[in-house]
Amino acid sequence: MQKKIAILGSTGSIGRNTLQVIRKNPEAFEVTCLTARRNVEQLLEQAREFRPARVILTEKDVGSDRLRAFEEMGTEVLTGDDMLAACLRSDPAELVVNALVGAVGLLPTLAAIQTGKQMALANKETLVMAGEIVTREAREHGVRLLPVDSEHSAVFQCLMGESAQTVEKIILTGSGGPFLRREKKTLSDVTVQEALAHPNWRMGPKITIDSATLMNKGLEVIEAFYLFGVPLEKIQVVIHPESIIHSMVVFVDGSVKAQLGVPDMRLPIQYALFFPERRLSDFERLDFARLQSLTFFEPDLDKFPCLGLALEALKSGGTAPAVLNGANEAAVHLFLSEKIPFTRIPQLIEAALEKHSQKSNPGIDDILQADRWSREFVHRQV
């Protein structure tokens, strides 16, 4: 029997890789809904191949003539980001892959959870902004949050069959990004093209810049805190340039479990889609005979202050992580638009965290308000 699946952000890197996995296993899935921001042509190609009942374009200024092609094939087309959550409440999907980038992924995640849909989560901002609310809703509705990030999928796999009480430490590995060995004093000269040239992974622009600043690791620490229910002092970030070990778990007896594999996002995606089954694949295998070395070292928080800012935001709690996330999204957008230098990104985030009036135990409206405030604050500075 086919599993009904909706993919939010189907034209992005994670979305395209998800469809590759489905393409290899057509008997296993029925695609009910695909969404994109404004990439109409690619969404149209995907709709022709996978025949979802509906598609959503979150940008509303799409010409009616371009939308007519969907309707001609019998596919309902909706526009506006407000439609994401609204449609998930009625969509027949059993599993939702949230591959959206940014805060826009929060409300659709909650809508899917509240209607009992299982959630394969690649949208890390959801847990960064509202981890306590999202995980509480998931528990109340019996929904398992299946991590799609390679690091969290690795931890998830390492914890299979283990008791949470036996976990001594979670070790999140990171490549260090394209500027790992670049001198700090030259980072102000970094170009957008240099920052987008990740040495190991092919990802969307926002997450690639986050990897270059190490903010991505900071966001992943916050994710791990909520996903796995361990205190911050039990989460460690280690730089591992080869990106072969995707993360590790240390247990109280001193044993260490690690999940290894070639850098290929299809592997954690497939694990999430078929969980709890581990499915045969034709993905490239790791060749140990060709591995010359695996190296590890501590991250440089002076050179990459974004990681430290994320850790402090998690310690502060309340609306601080939402401010961190919103300010980061705004600053990264400004850098990609070549309006600020690379080194201004952490400066703007730090300024937003310092100026924000912290609110403890926030509700969703408080979190969304903090998100909006932080973006406006960053743009005012520039």
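The text that follows walks through the structure, step by step, so that each part is easy to find. In every chain, residue numbers begin from 1 and rise along the written sequence. Totals for whole chains, interfaces and linings use every residue, but because this is a predicted model, local features are given only for residues with pLDDT of at least 70 and side-chain atom pairs only at 80 or more, for both listing and counting. To obtain the side-chain values, all non-hydrogen atoms of the structure were used and water was disregarded.

1. Thoughts on helix α12 (residues 305-316)
Rules: Secondary structure elements follow DSSP: runs of H or I no shorter than four residues count as helices, runs of E no shorter than two count as strands, and numbering proceeds from the N terminus. Working rule for helices: expected span equals 1.5 Å times residues minus one. Buried residues are those whose accessible area, probed at 1.4 Å on protein chains only, stays under 20% of the maximum for their type, while exposed residues exceed 50% and partly exposed ones sit between those limits. Should any heavy atoms of two residues lie within 4.5 Å, those residues are considered in contact.
Helix length check: α12, at 12 residues, gives a terminal C-alpha distance of 17 Å against a target of 16 Å (1.5 Å per residue), a fit within 8%. When we look at burial in α12, the residues that qualify are Cys306, Leu307, Gly308, Leu309, Ala310, Ala313 and Leu314. Contacts from the buried residues of α12 go to α9 (205-213), α10 (215-228), β9 (235-239), α13 (320-336) and α14 (344-355). Glycine 317 occupies a position one or two residues after α12 and carries a positive phi of about 70°.

2. Things to note about unusual backbone geometry
In the segment running from phenylalanine 275 into proline 276, the intervening peptide bond is cis, with an omega of 10°. Note on placement: proline 276 falls in the loop between α11 (266-274) and α12. The phi angle at arginine 51 is positive, at roughly 50°, despite the residue not being glycine. Located in the positive-phi region is serine 243, a residue other than glycine, with phi close to 55°. Here serine 243 is to be found in the loop between β9 and β10 (245-251).

3. Observations regarding the pattern of salt bridges
Cut-off, in case you're wondering: Salt bridge, as used here, is a side-chain nitrogen of Lys or Arg placed within 4 Å of a carboxyl oxygen of Asp or Glu.
Summed over the entire model, instances satisfying the criterion amount to 23 salt bridges. The shortest N-O distance in the salt bridge between arginine 375 and glutamate 329 comes to 2.9 Å. Taken together, the residues span a long stretch of sequence, with arginine 375 in helix α15 (residues 364-381) and glutamate 329 in helix α13 at a distance of 46 residues.

4. Some points on α10
Helix length check: α10 (14 residues) gives 20 Å between terminal C-alpha atoms against 20 Å at 1.5 Å per residue, within 8%. Within α10, 11 of the 14 residues are buried, which leaves the element mostly enclosed by the surrounding structure. Residues of α10 that are buried include every one of Met215, Asn216, Lys217, Gly218, Leu219, Glu220, Val221, Ile222, Glu223, Ala224 and Phe228, and no others.

5. Quick look at the packing of aromatic side chains
Rule in force here: We call Phe, Tyr and Trp rings a pair once their centres come within 6.5 Å, taking the six-membered ring for Trp, and we label the pair stacked below 30 degrees between planes, edge-to-face above 60, and tilted otherwise.
A full pass over the atoms with the stated rule returns 8 aromatic pairs. With 5.1 Å between their ring centres and 65° between their planes, phenylalanine 29 and phenylalanine 274 make a pair best called edge-to-face. Placement of the pair is phenylalanine 29 in strand β2 (residues 29-36) and phenylalanine 274 in helix α11, with a sequence separation of 245 residues. The residues phenylalanine 29 and phenylalanine 274 share a single accessibility class, namely buried. Ring geometry for tryptophan 373 and phenylalanine 377: centres 5.1 Å apart, planes at 20°, overall stacked. Placement of both tryptophan 373 and phenylalanine 377 in helix α15 is noted, with a separation of 4 residues, approximately one turn of the helix. By relative accessible area, which is 6% here, phenylalanine 377 ends up buried.

6. Overview of the sheet that holds strand β11 (residues 256-260)
Keep this limit in mind: One bridge is not enough; two strands pair if DSSP finds at least two bridges between them. Angles run from 0 to 180 degrees between N-to-C directions of axes, and those axes are lines fitted to C-alpha atoms, restricted for helices to the stretch in contact.
Taking strand neighbours across the sheet as the criterion, the 4 strands line up as β9-β8-β10-β11 in an open arrangement whose pairing is mixed. Whereas interior strands pair on both sides, the edge strands pair on one side only; in this sheet they are β9 and β11. Taken over all neighbouring pairs, the strand axes of this sheet differ in orientation by 20° on average, direction set aside. Bridge analysis of strand β8 (residues 167-174) against β10 gives 5 bridges, and the strand direction is antiparallel. When the bridges of β10 are listed, leucine 172 appears paired with serine 247.

7. Some details on the side chain of asparagine 17
Looking at where asparagine 17 falls in the secondary structure, it is placed in helix α1 (residues 13-24). Here asparagine 17 falls in the buried class, since its relative accessible area comes to 15%. If we ignore the near neighbours within four places in the chain, the residues touching asparagine 17 are Met265, Arg266 and Ile269.

8. Let's talk about the pairing of strand β6 (residues 118-121)
Each regular strand shows side chains that alternate between the opposite faces of the sheet. Applicable threshold: Crossover handedness is defined here as right-handed if the route from the first strand over the helix to the second strand goes clockwise, with the strands pointing away from the viewer.
The sheet contact formed by strand β5 (residues 95-98) and β6 spans 4 bridges and is parallel. The residue bridging valine 97 from the neighbouring strand is alanine 120, located in β6. Relative to strand β7 (residues 145-147), β6 runs parallel, the two sharing 3 bridges. Bridge assignment links methionine 119 to a residue of β7, and that residue is leucine 145. Each parallel crossover has a hand, and the one from β6 via helix α6 (residues 124-140) to β7 is right-handed.

9. Remarks on the sheet that holds strand β4 (residues 76-79)
One open sheet accounts for 7 strands, arranged β4-β3-β2-β1-β5-β6-β7; its pairing is parallel. The two strands at the open ends of the sheet, each matched to only one other strand, are β4 and β7. Ignoring strand direction, the axes of neighbouring strands in this sheet form an average angle of 20°. Sheet topology places strand β3 (residues 54-57) next to β4; 4 bridges connect them, and they run parallel. Each residue of the ladder has a partner; that of valine 55, found in β4, is valine 77. Here α1 sits on the sheet in contact with β1 (3-8), β2 and β5, set at roughly 160° to β1. Relative to β6, helix α5 (residues 106-114) is tilted by about 150°, and along the sheet it contacts β1, β5, β6 and β7.

10. Focus: the packing of α9 against α13
Worth spelling out the cut-off: Any angle from 65 to 115 degrees is called roughly perpendicular, while one under 35 is roughly parallel, one over 145 is roughly antiparallel, and all others are oblique. Under the convention adopted here, Pro, Cys and the residues Ala, Val, Leu, Ile, Met, Phe, Trp and Tyr are nonpolar, Asp, Glu, Lys and Arg are charged, and Gly plus all remaining residues are polar.
Closest axis-to-axis distance for the α9/α13 pair is 10 Å, and the angle between their directions is 100°. Classified by the interaxial angle, the pair formed by α9 and α13 is roughly perpendicular. Counting all contacts with α9, which are made through Pro205, Lys206, Ile209 and Asp210, the residues of α13 involved are Asn328, Glu329, Val332, Phe335 and Leu336. For the contact of α9 with α13, a count of residues per class yields 5 nonpolar, 1 polar and 3 charged.

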